[in-house]
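What follows is each chain in one-letter form.
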Amino acid sequence: MSQKPPPKQFTKAPITGTKSVIMISSAKGGVGKSTIAVNLAFALQKLGLKIGILDADVYGPSLPKLLNLKEKPKSEDNKSIIPLEKFGAQCMSMGLLIDEQTPMMWRGPMVISAIKTMTQKVLWKDRDVIIIDMPPGTGDTQLTFVQEIKIDGAIIVSTPQDLALLDVKRGIQMFEKTGVKILGLIDNMSIFKGNDGQEYKIFGEGGVKKTAKEFNKDFLGYIPLNQDLRISADNGEPLTCSKPDHEISKIFLSIAEKIKLSFQ
Ligand code: ADP
């Protein structure tokens, strides 16, 4: 009698210097993945965790801008890289090592080698958690990442449009097939509160929450479209870091509290 082959086991390399690794992913670019990665990281810091942020979005690195990082990271042995430190967070981004436009011309293997450098050669030290800002989508790069790196949990960010949601389902499947625990889904920019105090549902309502339910995943919360969040990102000082009492920061803090329980 023929036997079913066992599920494929992936040998996953841990990122050293940290207790946990959480990945922030999205199906598409421009849905606010980087903004959420950075603000969530500092919300976790407010809860007492020592944080690292790894911007693995090689095609569109945004950490240098989001944290106003200008220095080049140093190396003591020409092999390993010392992460930069900002607001108490250790930080690394391809955008710090090369010209931001260069990876646009890279093919898959070069992207994968860049990811290996950032996950295996950065001297993270004494971190409780590293938040990884992933490249958007579910292509080869993302797949290599989740197959080869040990990850404690993934969060999927989306806007509630139908098109984005279709891709979110693909993202859920990618994590499930590769054995990465999905901590939950975040709905970004669906709500806008006007000066009149009214809430406007710009992209429709409840789509991300519905998708979470459909796939039996946790829904972590709604981040409204908010000008202060956008301005703080443009100024290189994340809102959760500079204004932890802001109403938007409080939403990030409540999400941080929820996920902290699932990976610590
Ligand atoms: P991604 O990483 O998915 O490409 P970004 O985080 O770079 O997206 O966000 C794209 C743009 O949208 C940025 O200008 C960012 O400041 C803005 N943005 C993201 N989320 C919000 C939000 N909730 N409110 C206001 N602006 C936002």
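Notes on the structure in this doc start here. No experiment lies behind these values; they were computed from the predicted model shown.

Definitions and limits used
- Residues numbered from 1 in each chain as written.
- Predicted model: local features only at pLDDT ≥ 70, side-chain atom pairs only at ≥ 80, totals over all residues.
- Heavy atoms only, no water.
- Helix = DSSP H or I, 4+ residues; strand = E, 2+ residues; numbered from the N terminus.
- Rg over C-alpha atoms; globule rule 2.2 N^0.38 Å.
- Buried < 20%, exposed > 50% of the residue type's maximum accessible area, 1.4 Å probe, protein only.
- Contact = heavy atoms within 4.5 Å.
- Lys, Arg positive; Asp, Glu negative; His and termini not counted.
- Charge placed at Lys NZ, Arg CZ, Asp CG, Glu CD.
- 1 Å grid on protein atoms, 1.4 Å probe; cavity = no way out; pocket = protein on both sides within 12 Å on 5 of 7 lines; lining within 4 Å.
- Points joined across faces, edges and corners; volume = space filled by probe spheres on them.
- Nonpolar A, V, L, I, M, F, W, Y, C, P; charged D, E, K, R; others polar.
- Axes fitted to C-alpha atoms, helices over the stretch in contact; angles between N-to-C directions.
- Parallel < 35°, antiparallel > 145°, perpendicular 65-115°, else oblique.
- Core = buried A, V, L, I, M, F, W, Y, C linked by side-chain atoms within 4.5 Å.
- Expected span 1.5 Å × (residues − 1).
- Near = heavy atom within 4 Å.
- Polar contact = N/O pair within 3.5 Å; in protein donor to acceptor, adjacent residues only side chain to side chain.
- Areas by Shrake-Rupley, 256 points an atom, 1.4 Å probe, with all protein chains shown as cover.
- Sits in = over half its atoms within 2 Å of the grid points.

### Quick look at the overall build of the chain
Counting its regular elements, the chain contains ten helices and nine strands. Against the 2.2 N^0.38 benchmark of 18 Å for 264 residues, the chain shows a C-alpha radius of gyration of 18 Å, consistent with a compact globule. Each of the three principal axes of the chain carries a C-alpha extent, and together these read 60 × 55 × 35 Å. Looking at the chain as a whole, 52% of its 264 residues qualify as buried. Across the chain, every contact between residues at least 6 apart in sequence was considered, and the portion connecting residues at least 24 apart equals 77%. Of the side chains in the chain, 35 bear a positive and 29 a negative charge, and the two mean positions are spaced by 4 Å.

### Quick word on the layout of surface pockets
Reported here for the largest pocket is a volume of approximately 430 Å³. Considering the residues around the largest pocket, the lining is formed by 26 residues, among which Gly32, Ser34, Thr35, Leu66 and Ala233 are closest to the centre. Elements with a minimum of two residues in the lining of the largest pocket: α1 (33–46), α2 (63–66), β7 (182–193), β9 (219–225) and α8 (227–234). Considering only residue class, the lining of the largest pocket consists of ten nonpolar, ten polar and six charged. Approximately 250 Å³ is the volume found for the second largest pocket. Taken together, Ile191, Phe192, Lys193, Glu199, Tyr222, Pro224, Leu225, Asn226, Gln227, Glu247, Ile248 and Ile251 make up the full set of residues lining the second largest pocket. Counted by class, the lining of the second largest pocket contains seven nonpolar, two polar and three charged residues.

### What about empty space enclosed by the protein?
Inspection of every chain in the model, using the stated rule, returns two cavities of 30 Å³ or more. Roughly 40 Å³ of internal volume is contained in the largest cavity. Surrounding the largest cavity, Ser25, Ser26, Ala27, Gly137, Thr138, Ile156, Asp167, Val168, Gly171 and Met174 form its lining. Only β1 (18–26) and α6 (162–177) provide two or more residues apiece to the lining of the largest cavity. Looking at the lining of the largest cavity element by element, the count peaks at four residues for α6. Each residue belonging to the lining of the largest cavity can be placed in one class, and the counts come to four nonpolar, five polar and one charged. By volume, the second largest cavity is sized at about 30 Å³. Along its surface, the second largest cavity is lined by Ile112, Ile115, Lys116, Thr144, Phe145, Glu148 and Ile149. When residues of the lining of the second largest cavity are traced back to their parent elements, those giving at least two are α4 (108–120) and α5 (140–148).

### Some remarks on the packing of α1 against helix α10 (residues 247–263)
The relative placement of two packed helices comes down to the angle between their axes together with the axis-to-axis distance. Taken N-terminus to C-terminus, the directions of α1 and α10 make an angle of 75 degrees; their axes are 9 Å apart at the nearest point. With respect to α10, the axis of α1 lies roughly perpendicular. Counted together, Ile36, Asn39, Leu40, Ala43, Leu44 and Lys46 of α1 and Phe252, Leu253, Ile255, Ala256, Ile259, Lys260 and Phe263 of α10 form the full contact between these two elements. When its residues are assigned to classes, the contact of α1 with α10 shows ten nonpolar, one polar and two charged.

### A few points about the nonpolar core
Across soluble globular proteins, you tend to see nonpolar side chains buried next to one another. Counting 41 residues, the largest nonpolar core has Leu44 and Ile155 as the members making the most contacts within it. For leucine 44, the contacting residues outside a window of four places in its chain are Leu49, Ile51, Val129, Ile131, Ala256, Ile259, Lys260 and Phe263.

### With respect to α10
Spanning 17 residues, α10 covers 25 Å between terminal C-alpha atoms, matching the ideal 24 Å at 1.5 Å per step. Of all the residues in α10, the buried ones are Ile248, Ser249, Phe252, Leu253, Ile255, Ala256, Ile259 and Phe263.

### Some details on the site of the ligand
As a matter of local geometry, the ligand sits amid 16 residues, with Gly30, Lys33, Ser34, Thr35 and Pro224 nearest to it. In this structure, serine 34 approaches the ligand through a side-chain N or O atom, which is 2.7 Å from an oxygen atom. Interatomic distance of 2.9 Å between a backbone N/O atom of asparagine 226 and a nitrogen atom of the ligand. Contact with the protein chains covers 79% of the free accessible surface of the ligand, which is 560 Å². Judged by its atoms lying within 2 Å of the grid points, the ligand is housed in the largest pocket. Secondary-structure elements contributing two or more residues to the shell around the ligand are α1, β7, β9 and α8. Grouping the constituent residues of the shell around the ligand by class yields seven nonpolar, seven polar and two charged.

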